[in-house]
Amino acid sequence: MADSPTRTLQTQRWKACREPRKYSVNVNGAHFNIADLDPQMSLNEYLRSLLNLCGTKFMCYEGGCGACIVVLEYDDPGNTGKRVVKSVNSCLFPIGSLLSMKNSQVTTVEALGSVKTGLNPIQERLASHNGSQCGFCSPGFVMQMYGLLKNNQTPSLQQVEDNFDGNICRCTGYRPILDAMKSFAVEGDSRQKGTLTDIEELKICKKTGQPCLRIGPDETVGCRRSEDGNSALFFKKDGTQWFQPTTLTELFMIIQEHQHDGIKLLNGDTAKGIYRGDGPYSILIDMKGIRELYSVNMDAGGLKVYSNVSLTSLIDYLNEYSSKSQSYSIIADHLSKVASDPVRNSLSYVGILVQLWKHRTYPSSMFVHSEAQGEKLHIMHIVEVMPYVLLRILHVDMFGEVILNVYIPVLSDGESMRTFKVMPRAQNAHAYISAGFRAKIKSKDGNQMVESISMVYTGISQDFVHAVKTENYLQGKDITSEATLQGALATLDKEIIPDEKNPLLTSAQYRKNVALGLFYKFYLSLLSDQIVSPRNRSARSVLHRPISSGKQVFSTRPEEYPLTQPMPTIAAKLQTSGEAAYVNDSLPLPNELYANFVLSTEGNATIDNIDINSAMEVPGAVTVLTAKDVPGSNTFMPLPNEIEEVFCSGNVLYNGQTIALCVADSSDTARQMTSRVKVMYKDVKPPIITVDDAIAKQSFFPPTQDDLIVGDPEGAISKSPFKVEGEIRVGEQYHFHMETQICRCVPTEDGLDVQASSQWLDLLQQAVAGAIGTDAKNINIVTRRLGGAYGGKATRANLVACAAAVAATKLKRPVRCSMSLGTNMKSIGRRHNYLTKYKVGFNKDGTLNGIIFTYYCNNGCSPNDDEVGVSLIFSDNTYKCSNWHIKPIALKTNIPATTWCRAPGSLQNIFFIETVMEHIASYLSLDPIDVKQRNLYAKGDITPLGYPLPYCSIQDLYAALLQKAQVKTRQDAIQDFNSKNRWKKRGLAVCPLKYAMGWVGGCFLCTVTILASDGTVVVSHGGIECGQGLNTKVAQVCAFVLGVPINNISIKPTNNWCSPNSGPTGGSVGSELNCLGVQKSCEILNERIKPIKDKLPPGTPWNEIIMKCFSAGVNLTAQYWVWPEPQPDYAPQYNSYGVTVAEAELDVLTGEHQLSQVDILFDCGESLNPAIDVGQVEGCFVMGLGYWFTEKVIYDLNTGALLTNNTWEYKPPSSKDIPIIFNIELLKDAPNPTGVLRSKASGEPPLCMSSAALFAVKRAVESARAETGQKDYFSLNGPSGIDTIQTSCLVDYKQFSL
Ligand SMILES: Cc1cc2nc3c(=O)[nH]c(=O)nc-3n(C[C@H](O)[C@H](O)[C@H](O)COP(=O)(O)OP(=O)(O)OC[C@H]3O[C@@H](n4cnc5c(N)ncnc54)[C@H](O)[C@@H]3O)c2cc1C
Ligand code: FES
Ligand code: FES
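Residues numbered from 1 in each chain as written. Chains lettered and ligands numbered in written order. Predicted model: local features only at pLDDT ≥ 70, side-chain atom pairs only at ≥ 80, totals over all residues. Heavy atoms only, no water.

(A) Quick look at the overall build of the chain. Regarding its fold elements, the chain presents 35 helices and 41 strands. Its C-alpha atoms give the chain a radius of gyration of 31 Å, within 12% of the compact-globule value 34 Å for 1298 residues. Viewed in the frame of its principal axes, the chain has a C-alpha envelope of about 95 × 80 × 70 Å. Looking at the chain as a whole, 64% of its 1298 residues qualify as buried. In the chain, the share of contacts with a sequence separation of at least 24, taken over all contacts with a separation of at least 6, comes to 77%. With the model as given, the accessible surface of the chain reaches about 45,200 Å², and the carbon-plus-sulfur share is 51%. Here the chain contributes 123 positive and 129 negative side-chain charges, whose respective centroids are spaced 2 Å apart. (Helix = DSSP H or I, 4+ residues; strand = E, 2+ residues; numbered from the N terminus. Rg over C-alpha atoms; globule rule 2.2 N^0.38 Å. Buried < 20%, exposed > 50% of the residue type's maximum accessible area, 1.4 Å probe, protein only. Contact = heavy atoms within 4.5 Å. Areas by Shrake-Rupley, 256 points an atom, 1.4 Å probe, with all protein chains shown as cover. Lys, Arg positive; Asp, Glu negative; His and termini not counted. Charge placed at Lys NZ, Arg CZ, Asp CG, Glu CD.)

(B) Summary view of the sheet that holds strand 20 (residues 621-625). The eight strands lie next to each other as 20-22-18-29-26-27-28-37, forming an open sheet whose pairing is mixed. In the strand order of this sheet, the two ends are held by strand 20 and strand 37 (1054-1055), each with one partner. Relative to strand 22 (residues 658-664), strand 18 (residues 593-599) runs antiparallel, the two sharing six bridges. Paired with Val598 across the two strands is Ala660, which belongs to strand 22. Contacts from helix 19 (residues 667-676) reach strand 18, strand 20 and strand 22, with the element oriented near 25° to strand 18. (Pairing = 2+ DSSP bridges. Axes fitted to C-alpha atoms, helices over the stretch in contact; angles between N-to-C directions.)

(C) Inspection of the pattern of salt bridges at higher detail. Under the defined criterion, the tally for this structure stands at 61 salt bridges. Its salt-bridge partner being Lys150, residue Glu73 comes within 3.9 Å of it at the nearest N-O pair. With Glu73 in strand 3 (residues 69-75) and Lys150 in helix 4 (residues 138-151), this residue pair connects regions lying 77 residues apart in the sequence. Residues Arg540 and Asp529 are paired through a salt bridge, measuring 2.8 Å at the closest nitrogen-oxygen approach. Here Asp529 lies in the loop between helix 16 (508-525) and strand 17 (552-553) and Arg540 lies in the loop between helix 16 and strand 17, a separation of 11 residues in the sequence. The class for Asp529 is partly exposed, based on a relative accessible area of 38%. Taken together, the salt bridges that share partners define one network made up of Glu914, Glu918, Lys932, Lys1258, Arg1259 and Glu1262. (Salt bridge = Lys/Arg side-chain N within 4 Å of Asp/Glu carboxyl O.)

(D) Spatial organisation of unusual backbone geometry. Of note, the bond from Tyr561 into Pro562 is cis; its omega dihedral lies within 30 degrees of zero at 10°. By the element assignment, Pro562 lies in the loop between strand 17 and helix 17 (572-576). The omega angle of the peptide bond from Gly1278 to Pro1279 is -5°, so this bond is cis rather than trans. Along the chain, Pro1279 turns up in the loop between helix 34 (1251-1266) and helix 35 (1282-1288). Of note in this structure, Asn28 is not a glycine but carries a positive phi near 50°. Mapping Asn28 onto the fold places it in the loop between strand 1 (24-27) and strand 2 (30-33). With a phi close to 60°, Asn130 is a non-glycine residue in the positive phi region.

(E) The arrangement of the sheet that holds strand 41 (residues 1221-1226) in detail. Pairing is mixed in the open sheet, where five strands are placed in the order 17-41-40-39-33. The open sheet terminates on both sides in strands that have one partner only, identified here as strand 17 and strand 33 (984-997). Sheet analysis places strand 40 (residues 1153-1162) next to strand 41, joined by six bridges and oriented parallel. Residue pairing for strand 41: Phe1162 is matched across the bridge by Leu1226. Sheet contacts for helix 28 (residues 954-964): strand 33, strand 39 (1134-1147), strand 40 and strand 41; angle to strand 39, the most-contacted strand, approximately 30°.

(F) Seen up close, the environment of Val1193. Relative to the helices and strands, Val1193 is located in the loop between helix 33 (1170-1190) and strand 41. Judged by its relative accessible area of 18%, Val1193 falls in the buried class. Sequence-distant contacts of Val1193, defined by excluding residues within four places in its chain, comprise Glu732, Arg830, Leu1202, Thr1204 and Tyr1210.

(G) Up close: the nonpolar core. Counting residues in hydrophobic clusters, the biggest one holds 239 residues, and the most contacted among them are Tyr457, Phe519, Phe853, Leu1042 and Phe1296. Residues in contact with Phe853, not counting those within four places in the same chain, are Thr836, Lys837, Tyr838, Ser875, Trp884, His885, Ile886, Lys887, Phe912, Ile913 and Val916. Grouped together as the second largest cluster of nonpolar side chains are 48 residues, Ala595, Phe597, Val646 and Ala756 included. (Core = buried A, V, L, I, M, F, W, Y, C linked by side-chain atoms within 4.5 Å.)

(H) Structural detail: the packing of helix 15 (residues 482-495) against helix 16. Relative orientation of the contacting elements helix 15 and helix 16 amounts to 150°, with a least axis distance of 10 Å. Put simply, helix 15 runs roughly antiparallel to helix 16. Every pair of crossing elements has a handedness; the one defined by helix 15 and helix 16 is right-handed. Two secondary-structure elements touch here, helix 15 through Thr484, Leu485, Ala488, Leu489, Leu492 and Asp493 and helix 16 through Lys512, Ala515, Leu516, Phe519, Tyr520 and Tyr523. Looking at the contact of helix 15 with helix 16 residue by residue, the class counts come to nine nonpolar, one polar and two charged. (Parallel < 35°, antiparallel > 145°, perpendicular 65-115°, else oblique. Left-handed = near helix turned anticlockwise from the far one by under 90°. Nonpolar A, V, L, I, M, F, W, Y, C, P; charged D, E, K, R; others polar.)

(I) Molecular detail of the packing of helix 3 (residues 121-128) against helix 6 (residues 175-182). In contact at an axis separation of 8 Å, helix 3 and helix 6 are set at 140° when each is read in the N-to-C sense. Comparing the axis directions of helix 3 and helix 6 gives the class oblique. Both helix 3 and helix 6 take part in a crossing whose hand is right-handed. Contact with helix 3, carried on its side by Ile122, Arg125 and Leu126, involves Ile177, Ala180 and Met181 of helix 6 and no other residues of that element.

(J) Structural detail: the packing of aromatic side chains. Enumeration over the complete set of coordinates arrives at 31 aromatic pairs. Ring geometry for Tyr520 against Trp983: centres 5.7 Å apart, planes inclined by 80°, an arrangement best described as edge-to-face. A residue pair is termed long-range when its members are at least 10 positions apart, and Tyr520 in helix 16 and Trp983 in the loop between helix 29 (967-980) and strand 33 qualify at 463 residues. Each member of the pair, Tyr520 as well as Trp983, carries the same accessibility label: buried. Grouping aromatic residues by their ring pairs yields a cluster made of Tyr834, Phe853, Tyr855, Phe911, Phe912, Tyr1187, Trp1188 and Phe1255. (Phe/Tyr/Trp six-rings, centres within 6.5 Å; stacked < 30°, edge-to-face > 60°.)

(K) Seen up close, empty space enclosed by the protein. Going through the model one piece at a time under the given rule, you end up with seven cavities of 30 Å³ or more. Of the voids in this model, the second largest cavity is the one considered here, and its volume is about 130 Å³. Phe636, Glu644, Tyr654, Arg796 and Cys861 are, among the 15 residues lining the second largest cavity, the residues nearest its centre. Looking at the lining of the second largest cavity residue by residue, the classes come out as eight nonpolar, four polar and three charged. (1 Å grid on protein atoms, 1.4 Å probe; cavity = no way out; pocket = protein on both sides within 12 Å on 5 of 7 lines; lining within 4 Å. Points joined across faces, edges and corners; volume = space filled by probe spheres on them.)

Such coordinate-based values are descriptive only and should not be taken to indicate function.
Right, dumping it as structure tokens:
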């Protein structure tokens, strides 16, 4: 094809409509007319709202979580006769674009299989491998795997492991998901081979009930011709026009006609995942229908790729032609780190270029240069290291311009190239720094002379992309000389001046360090081993991550099955098939309304005025509610809690506080209204955000807990031969439940039906009743399951519920209030953050004499979910000390009320004492492993709160894991490695655990009914299934005690009339206490049944026994009220123990690191279900990794606005952040005499050992610091991102040598 039409084409007239356009889309084999819909509507919304295909979930609407993935198939525009099959994020994909793709077909999870008709093997295996806990992420994983297998029925293990860079799972820790998916790999489990073809066979069409066949040509349904005869115009409404040109000629004519309007070209349309508010645009031009732009041509000089080629295809082409140029596989590898597989399937490199042009601070992962060729024609060239074109694109006005292609030249002989992308997380993260280097080196008289060199960076500053001075310096220099290296580094050091204004950027020091370090990597890779010393060769490479694996070891008692049986959760298949329903999957009721919060944009102010006029002008707007509309008490925390307002009545306590609720006939309309509500503020004051600020301003809540003083700590410390003091900090952590806060309220004849996603129905009932001013009896709450909670839905779920209830009551219509991820993150508090100061006295072997802790705990704007008191229980972890003083201080700040987050009060506090042990070991130059071991509790010891430890096994566990994990041998190997490598370091750390499990407050009403008609059993309990496997354990206990098959049991959704007055499902007690309640209920039933059964012949079938009981008037329903005896001072019911050994490897130049191996030995008593408990241990540990490394919460300190409020900036762990070898063992032969059926809890305790990972990295950092002669103690706070870790290594470019 010609490179481009010229602008003379723009003068052509539109041809009359060529052919009727087709407005039907094919979903799961059926055709649907979208002629009347806005083509910008997301495919996700279309599937869920209009086709009721709710198996496809959503969470972020940013392409950042993968919950929404579907598979798209269409005729390949670049290869006639071929089909393209790819997974895409339905949240980003506009439905209109389906029409640009010939014979497109969307496949959703519903088409793969169902529990009733049979599961697809992917769904089956994900369920059977325990890869689904809360299940909210499961359909996304299934579809991502389906997309892979549709393209490649025999993927390798590596391909499978690489496939999930766009899917987040907060529950499982990924290992079981990867295991399930890897069973499809060619190297996978041979017993499961031969089932791959089933994927096609089982694809059932929902409409016909028949297997879906490959679709034929589009049917034309509802064909529509635009009124003005413009064949490229698809949609015109409210000033917005959507065009779908099919040729470049059409494209340029549209641009010509609308050159004065706001034009947006749509390629993948993924940029809105990051820059949501871009626009407004009145002209949207979908480019995907232009076939000419799918061309790819390889010639002697390079690869020309047209702009519609997706990044995935570009990577494939680069790999295909990798023999033509050394750079091609390097660029391909670099591009494969951009976004995630489903996003890359949609986006184009062109979009990335334009992003950089539009948003100069955009941390683009790519280095580009372009070159204009021909008249009025834009042909962009891409080579990662030619900055002048990059600069050019930054300075050219791109409005109305179209990038047609890039030309990727082959490298000439003697040229070398490398690129780097340094990211906060292993996958799917924007770069902190990207760099690209290209050099041509010529041998001359035994020297290696620089003939040319290019050095390009992004992430340094807005204007710095090209290290011109260093390039000039290097020109013609001999790179085998140390002087050249140092000279270049000194020049680079001077010319790199990182931007410091943006709080989201990493520190200037870090970015400079990495910029120099990456250059050093490249420089050394230009030289042979003869020149580079063996220790420095470790600088050249980046960390290599092999395929992950893990062992799960546990014992069971087959004679008690289903008790102790490692079975998948009972809803796993429903979850993997997408049939498990969450609140937002409920079909809309007649007259249903949708609500969206207006949030404050100031952090410490008074509301002056709220103007809703503009919002009410949006068609479909119903009302805007504010504090004055609350008929009852304007608080979502019932007495005796402190008031936390549903809608701010005047005093704004934090940026993000809920001020008003926009209610409309659709969620989209409610969102539009929200952006139009104007809130005016007065008395705006600087918010108190940080712990230090709060301490300085003496902003405290009244103490909720007295100091704990045991013995004479001051005296013991002063008399100790050794003492240290220090401080340590930990940050917040967003719960990141995949299902955001949601509630639907429906007015009924007996009050209000509430569908809540809450961990605590009783509290929610009180809150809702209070807010609408009615009796608790009028509030009927049902909760079937939560899509994750982790403490975030214990008290905080009340906010959405109260707001929806107020709206539903006032409007007398059903109201659904679903928080977007951004709203959820801004308005709801996270894990408490702390500053802890400590003082400790000890002996020369490290044994403890006395400890003083002062905990400054940030409670945010309210003390309601205070945890600093509870922290006393965990302060000692496993360490014996006779003298303690623990001072808990609760800080009041202008952030949302911090709240309980998985292992509250223990994760942080156990980290503090572990830090103290590290500090002691460092001070005494001892191995922390030994110091910790010396201080471990023994059986019968007494904790600071005065509780004896009659069953303490920590010494045995510790010694056992040291041996099993071969710690001494590995430490020797690490020492050897570290001595031989200057720029890669390894470290190993061990963390023991004692977790005091308290049952107090865990009250639950459990009811078991045996149905007389057939003997099946119905259970209702007061716990909430959040993915922790509560229902499965309850069913196992019920089946075991009654002696019936588990299939006979149905666990009903929790509600507040069958299980009223129940406590929160939290603190890990929900599972075991509801098991206890059901066990007791079943025992009551057994007692009632026994007299009848004894009279019947042995072997009488169960259903006949039950019928006889019924006929004899036996009450077949039994209830048990679980009410643990109140205990003084948080006395534990029992203690859980565990040990973790973690080993890490660190790239000293970038701070990137990976966990090579983690071994966990955990005491779960006699596990009720080892598969579930192993899943809890893994999920906990990986959630902890996020807390220690990647999940940084950043505020704008001037306004108090949360800046890390989306998936672009906030990074929970992804599937390649988990340990490469991840071994879990549940302690064998460890019945718990004070637990339920000899078991122990698993939902939270293992999280508290995750800091072992941070300490392992710290050990590696220590080794790097030792190279500089620095052996003093330093601390690593949580989280420590790669920036902190790298700067802690004290690297200076003057240390770089050949
Ligand atoms: C989850 C996620 C992760 C991401 N991670 C990364 C990352 O790691 N590194 C990185 O660099 N980027 C990343 N991105 C951003 C990504 O680069 C952009 O979303 C993407 O480049 C946009 O490409 P697109 O084809 O979807 O463009 P679109 O969204 O369709 O368009 C983007 C802009 O380009 C313009 N445009 C489109 N086509 C043309 C054309 N032919 N000529 C002229 N202008 C045109 C549009 O008008 C628009 O202004 C990520 C995005 C997401 C959603
Ligand atoms: S909802 Fe689409 S990626 Fe998160
Ligand atoms: S199972 Fe993956 S998010 Fe819950």
